[in-house]
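Here's the letter readout for the chains.
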Amino acid sequence: MIRKERLVKLLGEGRVFTNEPMSKHITFKVGGPADYYLLPKNVETLVAVINYLKEEDYPYYIIGKGSDLLVLDEGYPGAIISTYGGFDTIRIEGMTVYAEAGALMSKVAASARDASIAGFEFASGIPGTIGGGAIMNAGAYGGELKDLMGKATVLTKDGRIVTYTRDQFFLGYRCSSFFDKEEIVLSVELTGHPGDPKEIGDRMKELNGRRKEKQPLEYPSAGSTFKRPEGYFAGKLIQDAGLSGYRVGGAQVSEKHNGFVINTGDATAADILTVIEDVKRIVYEKFQVKLEPEVKILRVDRNR
Ligand SMILES: Cc1cc2nc3c(=O)[nH]c(=O)nc-3n(C[C@H](O)[C@H](O)[C@H](O)COP(=O)(O)OP(=O)(O)OC[C@H]3O[C@@H](n4cnc5c(N)ncnc54)[C@H](O)[C@@H]3O)c2cc1C
């Protein structure tokens, strides 16, 4: 049996929440409560809390900023551990940026710019943490974390802290060996190349302007809902299937960017999931192309 006092002792005051609505913590702004919502402030307390949860055979799930995640309306009967707002140190040596998992990608990119390091511009408008980014190999406008990441320190499934060099991990299109092996990313090292801060900043502004123009940033979402199927664009397939604006309850295929499912205000997770499933089915019926969600769906699994 899990004891709240023990969690508070491990993590400190103000870092343990019970029955916490996940709609407050994921960018879709939907989702029921997690039995526990935990905010470790450093690697040591993260490891200690995971060891305790494992001892008690209690389910847990690690998140960053929740910007690529759907939590269901029934919530999560376990502990959700967030790195965001916890360990987020960013340090720079030469052309290498060292960042702890909870650091926001926008902050990592801004730190690189301020240190005259180019190559991080694509990441400045991606809303998640660098840990979540590593899991997804986040990318945009022709850049991806794969281009920068030289090392990653992870907590393995069997509880070891291991630092991998580039030849020891895999990053592909919105996928990684970290995710496949259920490893928790603790920190990463990213190397760019020399650049002029003004030029880097201008490029960031330009890319973020393009985002604002093309993406429905005024609505809660998790960015592009589907991965790009080989040889196609998800948004174009969805448009050609006549699904622009397709709506279930408060969830809708954005008319501004057909690749985004948005929460128009009062969506439930079930509405969003139904739109995702309907879009997949209809696109498959029309074009025999299988769309795969990019967004992770936190299914309730007590045995994890
Ligand atoms: C408006 C908008 C625009 C976006 N644009 C882009 C874009 O251009 N390119 C892009 O790639 N993505 C984009 N995204 C999606 C998202 O921001 C990225 O995928 C980001 O990398 C997710 O990071 P996160 O911290 O929010 O992860 P979360 O959503 O919290 O988690 C995502 C997955 O990673 C896992 N995870 C998170 N942190 C860790 C960790 N430290 N160790 C192990 N597992 C972890 C979670 O368990 C989950 O499976 C966008 C999202 C939004 C809302």
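(A) Representation of the side chain of Ser177. For Ser177, the position within the fold is in helix α5 (residues 177-180). A distance of 2.8 Å separates the side chain of Ser177 from the backbone nitrogen of Phe170, its partner in a polar contact.

(B) Seen up close, the site of the ligand. If you check the shell around the ligand, you find 37 residues, and the closest are Ile62, Gly64, Ser67, Thr129 and Gly139. Residue Gly139 places a main-chain N or O atom 2.6 Å away from a nitrogen atom belonging to the ligand. Within the backbone of Val185, an N or O atom sits 2.9 Å from a nitrogen atom of the ligand. Notes on the ligand: free accessible area 970 Å², of which the protein chains cover 94%. Elements with a minimum of two residues in the shell around the ligand: β3 (60-63), α4 (130-136), β9 (139-140), β15 (184-191) and β17 (221-224). A class-by-class count of the residues in the shell around the ligand yields 17 nonpolar, 13 polar and 7 charged.

(C) Looking closely at the domain arrangement of the protein. With domains assigned, the protein is organised as domain 1 (4-82), domain 2 (90-201) and domain 3 (216-298). Taking the mean C-alpha position of each, domain 1 and domain 3 sit 28 Å from one another. Taken together, the 14 residues of domain 1 in the interface contact 16 residues of domain 3. Buried surface at the junction of domain 1 and domain 3, summed over both partners, amounts to about 1,400 Å²; 66% is from carbon and sulfur atoms. On inspection of domain 1 and its partner domain 3, the count reaches 0 salt bridges. At the junction of domain 1 and domain 3, the tally comes to 7 residue pairs in polar contact (both at pLDDT 80 or more).

(D) Representation of the nonpolar core within the structure. Grouped together as the largest cluster of nonpolar side chains are 38 residues, with contacts concentrated most on Ile272 and Val279. Of all the secondary-structure elements, those providing two or more residues to this core are β2 (33-38), β3, β4 (69-71), β5 (76-82), α7 (234-240), β19 (251-253) and α8 (269-287). When residues of this core are assigned to their parent elements, the largest contribution, 8 residues, is made by α8. If you count residues domain by domain, this core takes at least three from each of domain 1 (4-82) and domain 3 (216-298). Once you skip the residues sitting within four places of it in the chain, Ile272 turns out to touch Phe28, Val30, Leu70, Ala251, Val261 and Ala267.

(E) Layout of the pairing of strand β11 (residues 149-155). Summarising burial for β11: 5 of the 7 residues are buried, a large majority. Sheet topology note: the β11/β15 ladder contains 6 bridges and is antiparallel. Among the inter-strand pairings, Ala152 is bridged to a residue of β15, identified as Val188. Sheet topology note: the β11/strand β12 (residues 161-165) ladder contains 5 bridges and is antiparallel. By the bridge assignment for β12, Lys151 is matched with Thr165. The turn joining β11 and β12, which pair antiparallel and follow one another in sequence, is formed by 5 residues; a positive phi near 90 degrees is taken by Gly159.

(F) View of the sheet that holds β11. The strand order β6-β7-β15-β11-β12 describes an open sheet built from 5 strands, whose pairing is antiparallel. Because the sheet does not close on itself, it has two edges, and the strands there are β6 (90-93) and β12. Neighbour-to-neighbour, the strand axes of this sheet turn through a mean angle of 15 degrees, independent of strand direction. Sheet strands touched by helix α2 (residues 43-55): β7 (96-100), β11, β12 and β15. Its angle to β15, the strand with the most contacts, is close to 150 degrees.

(G) Geometry of α8. In this model α8 runs 27 Å from its N-terminal to its C-terminal C-alpha over 19 residues, within 8% of the 27 Å that 1.5 Å per residue would give. All of the buried residues in α8 are Ala269, Asp271, Ile272, Leu273, Val275, Ile276, Asp278, Val279, Ile282 and Val283. The inward-facing, buried residues of α8 contact β4, α7, β18 (247-248), β19, β20 (260-263) and β21 (296-298). Of the residues one or two after α8, Gln288 is the one with positive phi, at around 55 degrees.

(H) Structural view of the pattern of salt bridges. Across all of its chains, the model carries 18 salt bridges by this definition. Its salt-bridge partner being Glu294, residue Arg174 comes within 3.8 Å of it at the nearest N-O pair. Taken together, the residues Arg174 in the loop between β13 (171-172) and β14 (175-176) and Glu294 in the loop between α8 and β21 connect sequence positions 120 residues apart. Judged by relative accessible area, Arg174 falls into the buried class, the value being 13%. Relative accessible area serves as the criterion here: at 11%, Glu294 is assigned to the buried category. Put simply, Lys198 and Asp202 hold a salt bridge, and the shortest N to O gap is 2.7 Å. Residue Lys198 and its partner Asp202 are located together in helix α6 (residues 197-214), separated by 4 residues, close to a single helical turn.

Parameters at a glance
- Residues numbered from 1 in each chain as written.
- Predicted model: local features only at pLDDT ≥ 70, side-chain atom pairs only at ≥ 80, totals over all residues.
- Heavy atoms only, no water.
- Helix = DSSP H or I, 4+ residues; strand = E, 2+ residues; numbered from the N terminus.
- Polar contact = N/O pair within 3.5 Å; in protein donor to acceptor, adjacent residues only side chain to side chain.
- Near = heavy atom within 4 Å.
- Areas by Shrake-Rupley, 256 points an atom, 1.4 Å probe, with all protein chains shown as cover.
- Nonpolar A, V, L, I, M, F, W, Y, C, P; charged D, E, K, R; others polar.
- Domains from an automatic or database assignment.
- Contact = heavy atoms within 4.5 Å.
- Buried area = accessible area lost by both parts, 1.4 Å probe.
- Salt bridge = Lys/Arg side-chain N within 4 Å of Asp/Glu carboxyl O.
- Core = buried A, V, L, I, M, F, W, Y, C linked by side-chain atoms within 4.5 Å.
- Buried < 20%, exposed > 50% of the residue type's maximum accessible area, 1.4 Å probe, protein only.
- Pairing = 2+ DSSP bridges.
- Axes fitted to C-alpha atoms, helices over the stretch in contact; angles between N-to-C directions.
- Expected span 1.5 Å × (residues − 1).

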